[in-house]
Amino acid sequence: MATHEHPPIAKPTRAASSQPKSSGVVRNLDAATICFAGDAGDAIQLMGTLFTNSSAQHGNYLGTEPDPPAEIRAPTGTLAGVTAYQIQFAKHVVHDAGDLLDVLIALNPSALKHYLGRLKPGGILVADSDAFSPFECQKAGYAEDPLEDGSLAAYGLLAPPITQLNRDAVSRVKHSARETERCKCFLALGLAFWLCDRSMEPALRWIRDTYDKNPVMIEAATRSMKAGYHHGETCGAPVTRLHVDKAAIPAGRYRQIDGNDALALGILAAAEATKLPAVFASFPVTPAGQLLHRLCEWKQPAVTVIQAEDDLAALNLALGAAFGGALGFTATSGPGLSLQTEALGLAVMSELPCVVIDVQRAGPSVGMPSKSEQSDLLHALYGRHGDCPLIVLAQSSPSDGFAIVLEAVRLAVRYMTPVIVLSDGHLAKTAETWQVPDLHSLPSIERANSTQNSRDANLAPPWLVPGTSGRERRLGGQEHDDATGEIDFDPANHEHMVRTRALKIAQAANAIAPLEVVGPASGELLVLGWGSTLGAIRDAVENCRRRGTVAARAHLRHLSPMPRNTEEVLKRYRRVLVPELNAGQLASVLRSRLGVEVISLAKTQGRPFLASEIEAKIESLMQDKTS
Amino acid sequence: MTVKSLPLLTPNDFSSASEVRWCPSCGDYSILSQLKKVLAVLGVPRERFVFIAGPGCAGRLPYYLNTFGFQGNAGRAPALATGVKLSNRQLQVWVVMGDGDALSVGTNHLVHALRRNVELKILLINNETLGFSKGQASPTSRAGTLTKSTPAGSFSTPLRPLSLALAAEATFVARTIDVDVNHMSEVLEKAAAHRGSAFVEIYQNCKVFNDGVFEYATDAEIKADTVIYLEHGRPLLFGKDRNQGLRLNGFEPEAVTLGHGITMDDILIHDERAEEPTLAFLLSRLIGPQFPECLGVFRNVQRPTFHQLLDESFRQGSEPRPLQALLNGDESWVAA
């Protein structure tokens, strides 16, 4: 940044000079959320990762969300160049990175401007006062230095000269000015560790391991981080530190995993569980592209990866692979799903097992590729010409990506059908703590109908795989005779086939878990969600319960077919609230399919729900018992 | 793949139970019967053949062959076929497309299948009309063609399928014609033997909607003057008396008659194995009546196939990690 070349005169720590000393106070919380924000060059992702590791070692459940800059290369210090990493660390299971912040570390004015709105009133704000020169403030659109104009009075402000403190800390280490500036992140991180009562040790170990060929860097980074921590201890800032106790985590191996990585690992595990070859074909489209990257990086002999010329080709490639006897996978988003519509029809007509992963983004059209939404539900359920039913599942947390792909493959090969898995951009980039499964403990997935010549008890047709002598047969998108596969336009035959395909999917409900309710088994209000809203709904219902407002909640993973007991469950409550990140799509499906009246809470801002938004709706419904 | 001890197959072994229903005198009958003959002698077990097609007249072909077959949506056959080949490289995968199918709807997929050099045998059955849609103009319809969609004559420049295939880096490019059954068998056998994407354009007469469009190449009276049969390493001669040939004038091809100072030394020699597809491209653009049209193999070169390159790229870099290690990730921790 510009301030590196022309260092401003170090300012004193303002909070320390103007307010009384109370640095010994620590507040105990069940969960806390911190966000590191700065310029693309500020090593924000590294700080976030090291804070996450330290919290993991501390024994917390974690939700993390990196927020990369909107532009690929934005000018330094601008709003477009702000990058962030948000972490929720908790005593209990969390599925996301939290919504409102307890701590915001803002390394420049643009970062402050971008994220201040998420800081809770009374939350801790750390700003690098060295970065708030008039020039930098202007870039962020501040007319006055926000650290000086009193506009931050609602927060616990801590504004040390981080740039200068870092230079002082490493002044005795002989390395370049550039390397000195690279250590600034460690100073800020040390301060964050002090504020959140975390041990520096895991991060110090990381420094020793990472720079093992560069002792000078080890010394500088170590000094810098310790200086940050000790600055917290000694500056006398009047902020209240946070403490989150370790969680009661069952014994086992844990890691952080984001939604896309979980989906990609699910694909690899599905090939293992079925003992079938798999083909993953995809055109890279935000935010699904990471699946393609990961499967290329993790190259596994059982899964052939191909970058398709477009999304429609991708599904045709997957479908061709399924015809050839492999598991066919594709991942897409946005207009890519629209392109695949045609091939989904063929997949239903030819009854081949394949899995389409749709990492939903805000639409229609190009929409907002980097923003999340749940607005492809109706497309997944109904978006094809002809009567064209298939199975639709939804991933409900980042780590659930692993399980949902295995579930999709189980149903695809049992019922010989395409399955759409709905994920979204929020799940894609959010990571949560995941107990790593033991590969040997995964149940194997059996192909239902591999030997018969006609449909089995589940109405699954045989999977006639090329290379098998004596089973040569034609398959295709034209209406055909059920037994022979030969083209057949007889009116009664078409009606029979339309019914058979629909019945097969409807009967898949026999093989899926019933809808489970958390909370009272009947009563005033059920909050019914699907997909990535699980974390926000759970937090909202829990927060209401603590205040004495009791509602039940349930979450759908199977959207087509729905669990058999869905209608019965919904009818046990006087009212059903359906929060979703679209204009009310599940609500309309419930009304039309089940004839159940529900209340829709719709949000279409490209951002996930805040728990507080759902809480407010629950409270208002429970107060207004007349309607 | 060839197994010597296989039971001998006959063309009849490739007849399916389906009643063949093309229009009377359709060129597709001839293509079907030549295909059956060729498949029978390739030494490949019948169950390893897969035929992929789109809808349309050409797309019915898989239903008439007793092999594995899959008929998808218009234009997508190259993508489907690539998927089939990726699932099991033991299969011999053929793609049958019409001109509307391959060049209107599926041009994108066709181009990419060719450039990837997946081992597919792609047959473009070109009748220069959308027959199954009841005879509209196709991307290969000649300028002036009268159809339901071009009542004043087609005015868009037609695509030249072989030029397109060459531009897409196809490694095997050939053309044959429905009525010349021996030539067709010969070309199909060469396509079957090719390692990589093979692209064969078959001129096919649509009796109902575009009858006689290739008459110049089938009429025994005139075809010697209008067709050059390509032979590798041989001069590009044509004419009843084989006294006409092709020569280059700068970058321009010229049809010339031997004599009057023009000798065999002036005549271009066909080289289907040329590293650069320049000559093949030049030949692919020759159309009548100014030039004779070429039948035969335009290009037949070896380039690593998609599977060879896939294997090669798999071998590069580090060994694949065990799946459990991938599940564990790089930053896992253990809670006691």
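Residues numbered from 1 in each chain as written. Chains lettered and ligands numbered in written order. Predicted model: local features only at pLDDT ≥ 70, side-chain atom pairs only at ≥ 80, totals over all residues. Heavy atoms only, no water.

Some words on the environment of proline 418 of chain A
Under the convention used in this document: Helix and strand definitions follow DSSP, with helices as H or I runs of at least four residues and strands as E runs of at least two, each counted in order from the N terminus.
Tracing the backbone through its elements, the reader meets proline 418 of chain A in strand β15 (residues 418-424). Separated by 66 residues in sequence, proline 418 of chain A and leucine 352 of chain A have C-alpha atoms that sit 6.4 Å apart.

Re unusual backbone geometry
Put simply, the rule reads: Remark: exposure states derive from per-residue accessible area (1.4 Å probe, protein chains only) relative to the maximum for the residue type, with buried under 20%, exposed over 50%, and partly exposed in between.
In this structure, the amide linkage connecting glycine 363 of chain A to the following residue, proline 364 of chain A, adopts the cis form with an omega of 5°. Examined against the element boundaries, proline 364 of chain A turns out to sit in the loop between β13 (354-360) and α15 (377-382). Here the amide bond leading from glycine 288 of chain B into proline 289 of chain B is cis, since omega sits at 0°, within 30 degrees of zero. Along the polypeptide, proline 289 of chain B turns up in the loop between α9 (278-284) and β13 (293-300). Backbone geometry places methionine 416 of chain A, a non-glycine residue, at a positive phi of 50°. Classification of methionine 416 of chain A as buried rests on a relative accessible area of 2%. Phi is positive for lysine 134 of chain B, which is not a glycine, with a value near 85°. Tracing the backbone through its elements, the reader meets lysine 134 of chain B in the loop between β5 (129-130) and β6 (136-137).

Some words on the confidence of the model for chain B
How we decide: Every residue carries a pLDDT, the predictor's confidence in it, which falls somewhere between 0 and 100.
Summing up the model confidence of chain B, the mean pLDDT is 94 and the portion of residues at 70 or higher is 98%. In the model output, the complex is listed with pTM 0.94 alongside ipTM 0.96.

Here's the deal with the packing of aromatic side chains
Residue and element names in this part refer to chain A. Our working definition: Only the six-membered ring of Trp is used, alongside the rings of Phe and Tyr, when aromatic pairs are assigned; centres must lie within 6.5 Å, and planes under 30 degrees apart are stacked while those over 60 apart are edge-to-face, with the rest tilted. Two limits define a charge over a ring: the Lys NZ or Arg CZ must be within 6 Å of the ring centre, and within 35 degrees of the ring normal.
Scanning all chains against the criterion turns up 11 aromatic pairs over all chains. Of the aromatic side chains, those joined through ring pairs into one cluster are Phe36, Phe51, Phe89 and Phe193. Here lysine 113 stacks its cationic end above the ring of tyrosine 142, 4.7 Å away from the centre of that ring.

Regarding the environment of methionine 200 of chain A
All names here are of chain A. Short version of the rule: Contacts are assigned to residue pairs that have any heavy atoms within 4.5 Å of one another.
Along the chain, methionine 200 falls in the loop between α8 (184-195) and α9 (201-210). Measuring from C-alpha to C-alpha, the distance between methionine 200 and tyrosine 229 comes to 8.4 Å, with 29 residues separating the pair along the chain. Not counting chain neighbours up to four residues away, the residues in contact with methionine 200 comprise Phe193, Met225, Lys226 and Tyr229.

Structural notes on helix α16 (residues 400-415) of chain A
Residues and elements named next belong to chain A. Here is the rule we go by: Multiply 1.5 Å by the residue count of a helix minus one, and that product is the helix's expected span.
Over its 16 residues, α16 runs 22 Å from end to end, which matches the ideal 22 Å to within 8%, given 1.5 Å per residue. Of all the 16 residues making up α16, 13 are buried; the element is thus mostly covered by neighbouring parts of the structure. Note on α16: the residue one or two positions beyond its end, methionine 416, has a positive phi of about 50°.

Details of the interface of chain A and chain B
Put simply, the test is: By buried area we mean how much accessible surface two parts lose on assembly, using a 1.4 Å probe and totalling the loss over both. Here a salt bridge means any side-chain nitrogen of Lys or Arg lying within 4 Å of a carboxyl oxygen belonging to Asp or Glu. As used in this structure description, the phrase polar contact means that two N or O atoms lie within 3.5 Å; if the pair is within protein, one of them must be able to donate a hydrogen and the other to accept it, and residues adjacent in sequence are counted only when both atoms belong to side chains. Three categories are distinguished: nonpolar for Ala, Val, Leu, Ile, Met, Phe, Trp, Tyr, Cys and Pro, charged for Asp, Glu, Lys and Arg, and polar for the others, with Gly belonging to the last. For two strands to count as paired, DSSP must find a minimum of two bridges between them.
With 69 residues of chain A at the contact, the number on the chain B side is 52 residues. For the pair chain A and chain B, the summed buried surface comes to about 4,900 Å²; carbon and sulfur atoms form 60% of the total. Three residues, Lys299, Glu309 and Arg474 of chain A, lead the burial of chain A against chain B; their summed loss comes to 15% of the area buried on that side. Arginine 76 of chain B serves as the salt-bridge partner of glutamate 342 of chain A, at 2.8 Å between the closest nitrogen and oxygen. Applying the counting criterion to the chain A and chain B interface returns 30 residue pairs in polar contact (both at pLDDT 80 or more). Those elements that provide at least two residues to the side of chain A that touches chain B are α3 (44-58), β9 (252-258), α11 (259-274), β11 (303-307), α13 (311-323), α14 (335-350), β16 (431-435) and β17 (474-476) of chain A. Broken down by element, the side of chain A that touches chain B gets its largest block of residues, eight residues, from α13 of chain A. Counted by class, the side of chain A that touches chain B contains 36 nonpolar, 20 polar and 13 charged residues. Taken together, the three bridges between β9 of chain A and strand β14 (residues 333-335) of chain B define a ladder with antiparallel strand orientation.

Some remarks on the sheet that holds strand β11 (residues 244-249) of chain B
All names here are of chain B. Spatial ordering of the open sheet is given by β10-β11-β12, a layout of three strands whose pairing is antiparallel. Each edge of the open sheet carries a strand with a single partner, namely β10 (237-238) and β12 (252-257). Strand direction decides the pairing type here: β10 and β11, joined by two bridges, are antiparallel. Paired with leucine 237 across the two strands is glycine 245, which belongs to β11.

A few points about the side chain of histidine 183 of chain B
All names here are of chain B. With respect to the helices and strands, the residue histidine 183 is situated in helix α6 (residues 181-193). Look at histidine 183 and you get buried, because its relative accessible area is 10%. Within the structure, the side chain of histidine 183 is placed 2.9 Å from the side chain of threonine 176, a separation counted as a polar contact. The residues touching histidine 183, leaving out its near neighbours within four places in the chain, are Arg175, Thr176, Tyr229, Leu295 and Gly296.

What about the side chain of arginine 116 of chain B?
Residue placement: arginine 116 of chain B occurs in helix α4 (residues 107-116). Here arginine 116 of chain B falls in the buried class, since its relative accessible area comes to 8%. From its side chain, arginine 116 of chain B meets the backbone oxygen of glutamine 307 of chain A in a polar contact 3.4 Å long. The residues contacting arginine 116 of chain B, other than those within four sequence positions of it, are Ile306, Gln307, Ala308 and Glu309 of chain A together with Thr305 and Phe306 of chain B.

Section: the packing of α11 of chain A against helix α12 (residues 289-297) of chain A
In helix packing, the relevant descriptors are the interaxial angle and the interaxial distance, both defined with respect to the helix axes. Residues and elements named next belong to chain A. The following threshold applies: Interaxial angle, 0 to 180 degrees, is taken between N-to-C directions of lines fitted to C-alpha atoms, where a helix line uses only the stretch in contact. If an angle is under 35 degrees, it is roughly parallel; if it is over 145, roughly antiparallel; if it lies from 65 to 115, roughly perpendicular; otherwise it is oblique. Here a crossing is taken to be left-handed if its near helix is turned anticlockwise relative to the far helix by less than a right angle, and right-handed if that turn runs clockwise.
Put simply, α11 and α12 touch, their axes get as near as 9 Å, and they point 50° apart. One way to sum up the angle between α11 and α12 is to call them oblique. Between α11 and α12 lies a crossing of right-handed hand. Residue-level contacts link Asn260, Asp261, Leu263, Ala264, Ile267 and Leu268 of α11 to Gln290, Leu291, Arg294 and Leu295 of α12. Classifying every residue of the contact of α11 with α12 gives six nonpolar, two polar and two charged.

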